[in-house]
Amino acid sequence: MSEFGRGSPQTLEFLRTRRSHPSVTMSAPGPDDDQLTDLLTIAARVPDHGKLAPWRFITYRASQGEKIGAFLSELYARKNGPLDEAQTDKERTRFTRAPVVVGVVSKAAEHPKIPVWEQQLSAGAVCMTLVSAAAAAGFASQWLTEWYAFDEEAGRYLGLQDGERFAGFIHIGTATQPPVERPRPDLSEITSNWTETD
């Protein structure tokens, strides 16, 4: 069998057992600049109809997290009323839990040949590829959205430009505890064979 016909059992086993780690359980170290560049390079290798690259990355370091958290806490309180101590802490620590957070930005826009939906799916593929690449590199990772991913004012503060939206925030760090497995879908309930209908 040629080299191109060989499988990769190790890769398949990794994909069978890959697990997200809650960002609240992460610690330093995270990827350094060279490692992060490599992870983002891998993440950008996704299906992309028309080679539009309808996505981009914004990186956030834990050292910036306190400033971001102060903004999000104030914004959340302004929109939802006074926060108790627990909610204040939750908002203030959203970008300090992991050493590195990567915002994956969808730039999907109307195109004469490529549907917006396909462009959005490509951004989702970027998120999943980045999560997997980080895990394969030995880091803990988690894909989150949360309220600020959908808030216009928060989006502008976090770096969005007109017409953009966040596909997600990928938190990357070092695991402090083993991930917990969760129930997975029953394949027989989500798979069917196509049959022609009248």
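Notes on the structure follow. (Residues numbered from 1 in each chain as written. Predicted model: local features only at pLDDT ≥ 70, side-chain atom pairs only at ≥ 80, totals over all residues. Heavy atoms only, no water.)

So, the nonpolar core
In terms of nonpolar packing, the biggest core is built from 20 residues, with Leu 39, Val 102, Val 104, Val 126, Leu 130, Ile 170 and Ile 172 touching the most fellow members. Secondary structure elements with two or more residues in this core: α2 (33–43), β3 (100–106), α5 (116–136) and β5 (165–175). For this core, the leading source of residues is α5, giving seven residues. In this structure, Val 102 is in contact with Leu 36, Leu 40, Phe 57, Ile 58, Thr 59, Leu 130, Gly 168, Phe 169, Ile 170 and Ile 172, ignoring residues within four places of it in sequence. In this structure, Ile 58, Tyr 60, Val 101 and Val 105 belong to the second largest nonpolar core, which totals 16 residues. (Core = buried A, V, L, I, M, F, W, Y, C linked by side-chain atoms within 4.5 Å. Buried < 20%, exposed > 50% of the residue type's maximum accessible area, 1.4 Å probe, protein only. Helix = DSSP H or I, 4+ residues; strand = E, 2+ residues; numbered from the N terminus. Contact = heavy atoms within 4.5 Å.)

Considering the side chain of Ser 141
Tracing the chain through its elements places Ser 141 in strand β4 (residues 140–144). A relative accessible area of 1% places Ser 141 in the buried class. Within the structure, Ser 141 has its side chain in polar contact with the backbone oxygen of Val 131 (distance 3.0 Å). Residues contacting Ser 141, with those up to four places away along its chain left out, are Ser 20, His 21, Met 26, Val 131, Ala 134, Ala 135 and His 171. (Polar contact = N/O pair within 3.5 Å; in protein donor to acceptor, adjacent residues only side chain to side chain.)

Brief notes about the packing of α2 against α5
The description of two packed helices rests on the angle between their axes and on the distance between the axes. Between α2 and α5, the least distance of the axes is 8 Å, while the angle of their chain directions is 140°. The angle between α2 and α5 falls in the class oblique. In this structure, α2 meets α5 at a crossing whose hand is right-handed. Residues Leu 39, Leu 40, Ile 42 and Ala 43 of α2 form the contact with α5, whose own contacting residues are Val 126, Thr 129, Leu 130, Ala 133 and Ala 134. (Axes fitted to C-alpha atoms, helices over the stretch in contact; angles between N-to-C directions. Parallel < 35°, antiparallel > 145°, perpendicular 65-115°, else oblique. Left-handed = near helix turned anticlockwise from the far one by under 90°.)

Let's talk about the pairing of β3
Within β3, seven of the seven residues are buried, which leaves the element mostly enclosed by the surrounding structure. Side-chain alternation along β3 places Val 100, Val 102, Val 104 and Ser 106 on one buried face and Val 101, Gly 103 and Val 105 on a second face that is also buried. The sheet contact formed by strand β2 (residues 55–61) and β3 spans seven bridges and is antiparallel. Considered in β3, the bridge of Thr 59 is made with Val 102. Sheet analysis places β3 next to β5, joined by seven bridges and oriented antiparallel. (Pairing = 2+ DSSP bridges.)

Describing the pairing of β5
With eight of 11 residues buried, β5 is to be regarded as a mostly interior element. Direction of pairing for strand β1 (residues 26–27) relative to β5: antiparallel, over a ladder of two bridges. Opposite Met 26, over in β5, you have Ala 175 as the bridge partner. Alignment of β4 against β5, held across five bridges, turns out to be antiparallel. In the sheet register, Ala 140 faces β5, and the bridge partner there is Gly 173.

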